[in-house]
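# Geometric and topological summary
Below are the chains, spelled out letter by letter.
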Amino acid sequence: MKTITLLAGLVVLTACGADGPPITPSVNTTVSVGSEGVRTSTGVSERTGPVTVGATF
């Protein structure tokens, strides 16, 4: 459910720039290995001027 909401939000934000220059999202993925096992984290963000919108899941 979080993934669907995140993708819908990114589509809406990208569509807002339809009359201006395209907005390129940034994706970061981290994989950590420790005593508790393997952990992964993925973050998506978009930056337009001084405003940055991001989500981590």
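None of the values given here were measured: they were computed from a predicted structure. (Residues numbered from 1 in each chain as written. Predicted model: local features only at pLDDT ≥ 70, side-chain atom pairs only at ≥ 80, totals over all residues. Heavy atoms only, no water.)

### A few points about the sheet that holds strand β1 (residues 26-34)
Pairing in this open sheet of 3 strands is antiparallel, and the strands run β1-β2-β3 from one edge to the other. The outermost strands of the open sheet, each flanked by one partner alone, are β1 and β3 (51-56). The average undirected angle you get between the axes of adjacent strands in this sheet is 20°. By the bridge criterion, 6 bridges tie strand β2 (residues 37-48) to β3 in an arrangement that is antiparallel. Along β3, the bridge assignment pairs valine 44 with alanine 55. (Pairing = 2+ DSSP bridges. Helix = DSSP H or I, 4+ residues; strand = E, 2+ residues; numbered from the N terminus. Axes fitted to C-alpha atoms, helices over the stretch in contact; angles between N-to-C directions.)

### A look at the confidence of the model for the protein chain
Summary statistics for the protein chain give a mean pLDDT of 81 and a share of 88% for residues scoring 70 or more. Taking the mean pLDDT of every element in the protein chain, the minimum, 74, falls on helix α1 (residues 2-16) and the maximum, 92, on β1. (pLDDT = per-residue confidence, 0-100.)

### Section: the pairing of β3
For β3, a buried count of 0 out of 6 residues is recorded, marking the element as mostly open to its surroundings. Hairpin connection, β2 to β3: the antiparallel pair is bridged by 2 residues, and glycine 49 has positive phi, about 60°. (Buried < 20%, exposed > 50% of the residue type's maximum accessible area, 1.4 Å probe, protein only.)

### Let's talk about the pairing of β2
By the bridge criterion, 9 bridges tie β1 to β2 in an arrangement that is antiparallel. Bridge pairing in β2 places serine 26 opposite serine 45. Connecting β1 to the next strand, β2, in antiparallel fashion are 2 residues.

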